[in-house]
Amino acid sequence: MKATQQLCAAFWEFVVGWYRVDRIRVSPTAGRLLSLKVGDRVVLKGELFKVTQRHIGDAADEVTYVLNHPDGDAELRITRNGHDFDKHAELCFLDQCDEVAEDELVVL
């Protein structure tokens, strides 16, 4: 019986410790941008792209996706502003860079 109590106490300490640890929190939109995978097809600015590469910056403050399009490759850069990745996405395509609003990304 004592071994069971010790096991329960150790498990409880583990759960409480996990609950109290800080975790990275992002908005659902930023989470969606950051969770794109190679092979995903997305619509940005009314154009259909395929994700071909994903790169994470050295300090994990930027995520860059290389997107394939029939007219040429594009880059989608999501950068951190302070603690958040929210609302800082930029699409560079055909020698033009534009901000990407949260509602302009559709993952197919």
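Here is what the cut-offs are and how they apply
Residues numbered from 1 in each chain as written. Predicted model: local features only at pLDDT ≥ 70, side-chain atom pairs only at ≥ 80, totals over all residues. Heavy atoms only, no water. Phe/Tyr/Trp six-rings, centres within 6.5 Å; stacked < 30°, edge-to-face > 60°. Helix = DSSP H or I, 4+ residues; strand = E, 2+ residues; numbered from the N terminus. Buried < 20%, exposed > 50% of the residue type's maximum accessible area, 1.4 Å probe, protein only. Patch = residues over 30% accessible without salt bridge, like charges linked within 9 Å, V, L, I, M, F, W, Y side chains within 5 Å. Areas by Shrake-Rupley, 256 points an atom, 1.4 Å probe, with all protein chains shown as cover. Salt bridge = Lys/Arg side-chain N within 4 Å of Asp/Glu carboxyl O. Core = buried A, V, L, I, M, F, W, Y, C linked by side-chain atoms within 4.5 Å. Contact = heavy atoms within 4.5 Å. Pairing = 2+ DSSP bridges. Axes fitted to C-alpha atoms, helices over the stretch in contact; angles between N-to-C directions. Lys, Arg positive; Asp, Glu negative; His and termini not counted. Polar contact = N/O pair within 3.5 Å; in protein donor to acceptor, adjacent residues only side chain to side chain.

Colleague: Give me the lowdown on the packing of aromatic side chains, citing residues and values where you can.
Modeller: The full count for this structure, using the stated rule, is one aromatic pair. Considering the side-chain rings of Phe 49 and Phe 93, the 5.1 Å spacing of their centres and the 85° angle between planes classify their relative orientation as edge-to-face. Separated by 44 residues along the polypeptide, Phe 49 in strand S2 (residues 47-56) and Phe 93 in strand S5 (residues 89-93) bring together distant segments of the chain. One exposure class covers both Phe 49 and Phe 93, and it is buried.

Colleague: So, a nonpolar patch on the surface: which residues are in play, and what are the values?
Modeller: Taken together, the side chains of Leu 48, Val 106 and Leu 108 present a nonpolar region at the surface, about 290 Å² in accessible area. Relative to the helices and strands, Val 106 is located in strand S7 (residues 105-107). By relative accessible area, which is 40% here, Val 106 ends up partly exposed.

Colleague: Can you break down the nonpolar core residue by residue, with the values?
Modeller: Counting 18 residues, the largest nonpolar core has Leu 44, Phe 49, Tyr 65, Leu 67, Leu 76, Ile 78 and Leu 91 as the members making the most contacts within it. Sorting the residues of this core by element identifies helix H2 (28-34), strand S1 (41-44), S2, strand S3 (62-68), strand S4 (74-79) and S5 as the ones contributing at least two each. Excluding anything up to four places from it in sequence, Tyr 65 contacts Leu 33, Leu 34, Ser 35, Leu 36, Val 51, Gln 53, Arg 54, Ala 74, Glu 75, Leu 76 and Ile 78.

Colleague: Now, about the pairing of S2: what can you tell me, with residues and values included?
Modeller: Strand direction decides the pairing type here: S1 and S2, joined by four bridges, are antiparallel. Pairing of Leu 44 across the sheet is with Glu 47, part of S2. Taking the residues between adjacent antiparallel strands as the criterion, S1 and S2 are bridged by two residues, where Lys 45 takes a positive phi near 50°. As defined by bridge partners, S2 adjoins S3 across six bridges and the pair is classed as antiparallel. Note that in S3 the partner of Val 51 across the bridge is Leu 67.

Colleague: I'd like to hear about the sheet that holds S7, residue by residue, with values.
Modeller: Within the open sheet, the seven strands sit side by side as S6-S5-S4-S3-S2-S1-S7. Their pairing is antiparallel. Looking at strand neighbours, the two that pair on one side only are strand S6 (96-99) and S7, the edges of this open sheet. When the angles between neighbouring strand axes are averaged without regard to direction, this sheet yields 30°. For S5 and S6, the ladder comprises four bridges, and the chain directions are antiparallel. The partner of Glu 90 across the bridge, within S6, is Glu 99.

Colleague: Could you give an account of the side chain of Asp 40, naming the residues involved and the relevant values?
Modeller: Structurally, Asp 40 can be placed in the loop between H2 and S1. No salt bridge is formed by the buried Asp 40; the nearest opposite charge belongs to Lys 37, separated by 4.2 Å. Only 2.9 Å separates the side chain of Asp 40 from the backbone nitrogen of Lys 37, close enough to count as a polar contact. Ignoring anything within four residues of it in the chain, the contact list for Asp 40 reads Ser 35, Phe 49, Lys 50 and Val 51.

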